[in-house]
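Observations on the three-dimensional arrangement
As a plain string of letters, each chain reads:
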Amino acid sequence: MMSASQPAGSEGSNKVGIHAFVSGKVQGVEYRGHCREKIRELGLKGAAINIPNGMVEVKATGDPQRLKHLCSWLPVGSPVSHVTNISLTSHYCHKGSDQHADCHIGKLGVNGKHKVL
């Protein structure tokens, strides 16, 4: 899982990221555009895309504290969106490691506007 104790400036040596599926009234209400803007504003690398089942898929990597801020923002979204559920996973990989052998993946639950980390 993401570690808040990761040393500053270590983004180049390790990969920390999130992968989320956001459901509710999130398509056609500018959720994806606001999410992309938030990712850029936080200095993260990532994307937000609409998927056929009505959800928005969000992927982002970067500084753990900035990712935590993005996770706190996901239930808020755009002014007219209404998030009902977020399926969120985090990953932490050592640079140069085999992703399958040295990645730590954890599930984070978000229900409605209440996040459980």
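To start, this report covers the structure provided alongside it. Every residue gets a number counted from 1 within its own chain, in the order that chain's sequence is written. Local features in a predicted model are, by the rule used here, given only for residues with pLDDT of at least 70; side-chain atom pairs are given and counted only at 80 or more, and totals for whole chains, interfaces and linings are based on all residues. Think of the side-chain values as coming from all heavy atoms in the structure, minus any hydrogens and water.

Residues enter a nonpolar core if they are buried and are Ala, Val, Leu, Ile, Met, Phe, Trp, Tyr or Cys, with the set joined through side-chain atoms within 4.5 Å. Burial classes: relative accessible area under 20% of the type maximum marks a residue as buried, over 50% as exposed, and values in between as partly exposed (1.4 Å probe, protein chains only). In terms of nonpolar packing, the biggest core is built from 23 residues, with I18, Y31, C35, V58, L70 and L74 touching the most fellow members. Counting residues per element, the ones that place at least two in this core are β1 (14-25), α1 (31-41), β3 (56-61), α2 (64-73) and β4 (82-94). Discounting chain neighbours no more than four positions away, the residues touching C35 are A48, V58, W73 and L74. Think of it this way: any DSSP run of H or I at least four residues long counts as a helix, any run of E at least two long counts as a strand, and we number them from the N terminus. Here, two residues are considered to be in contact whenever any of their heavy atoms come within 4.5 Å of each other.

Once that is clear, we can look at the environment of K25. Looking at the secondary structure, you find K25 in strand β1. For the pair K25 and M55, spaced 30 residues apart in sequence, the C-alpha separation works out to 8.4 Å. Leave out the neighbours within four places in its chain, and K25 touches V80, S81 and H82.

Attention now moves to the environment of L74. Mapped onto the fold, L74 is located in the loop between α2 and β4. Along the sequence, L74 and V22 sit 52 residues apart, while their C-alpha atoms lie 7.8 Å from each other. Filtering out sequence-adjacent residues up to four positions away, L74 remains in contact with I18, A20, Y31, C35, V58, V83, I86 and L88.

In short, DSSP must find at least two bridges between two strands for them to pair. Both strand β2 (residues 45-50) and β3 contribute to a ladder of six bridges, which runs antiparallel. Bridging from a neighbouring strand, N50 pairs with V56 of β3. Hairpin connection from β2 to β3: five residues lie between these consecutive antiparallel strands, with G54 at a positive phi of about 95 degrees.

P64, L67, L70, C71 and W73 are the residues of α2 that are buried. We call two N or O atoms a polar contact when they sit within 3.5 Å, provided that within protein one can donate a hydrogen and the other can accept it, with sequence-adjacent residues counted only if both atoms are side-chain atoms. Of the residues flanking the start of α2, the one acting as N-cap is D63, its side-chain oxygen 3.1 Å from the backbone nitrogen of Q65.

Centres within 6.5 Å are what make two rings of Phe, Tyr or Trp a pair, Trp counting through its six-membered ring; a difference in plane orientation under 30 degrees is then read as stacked, over 60 as edge-to-face, and the rest as tilted. All chains considered together, the criterion is met by one aromatic pair. Relative to W73, the ring of Y31 lies with its centre 5.7 Å away and its plane at 35 degrees, an arrangement referred to as tilted. One end of the pair, Y31, is in helix α1; the other, W73, is in helix α2, and 42 residues separate them in sequence. With a relative accessible area of 0%, Y31 lands in the buried category. Since its relative accessible area comes to 13%, W73 is described here as buried.

Only one rule defines a salt bridge in this text: a Lys or Arg side-chain nitrogen within 4 Å of an Asp or Glu carboxyl oxygen. As enumerated under the stated definition, the model contains two salt bridges in all. Among the ionic pairs, E37 bridges to R40, the shortest N-O distance being 3.1 Å. Note that E37 and R40 are positioned in helix α1 at a spacing of three residues, about one turn of the helix. By relative accessible area, E37 is classed as partly exposed at 41%. For R40, a relative accessible area of 54% translates into the label exposed. Where K38 meets E41, a salt bridge forms, and the shortest distance between an N and an O atom there is 3.0 Å. Of this pair, K38 and E41 both sit in helix α1, three residues apart, which is roughly one turn of that helix. Of the residues examined, K38 reaches a relative accessible area of 13% and is grouped as buried. Judged by relative accessible area, E41 falls into the exposed class, the value being 52%.

That is the geometry; function is a separate question.
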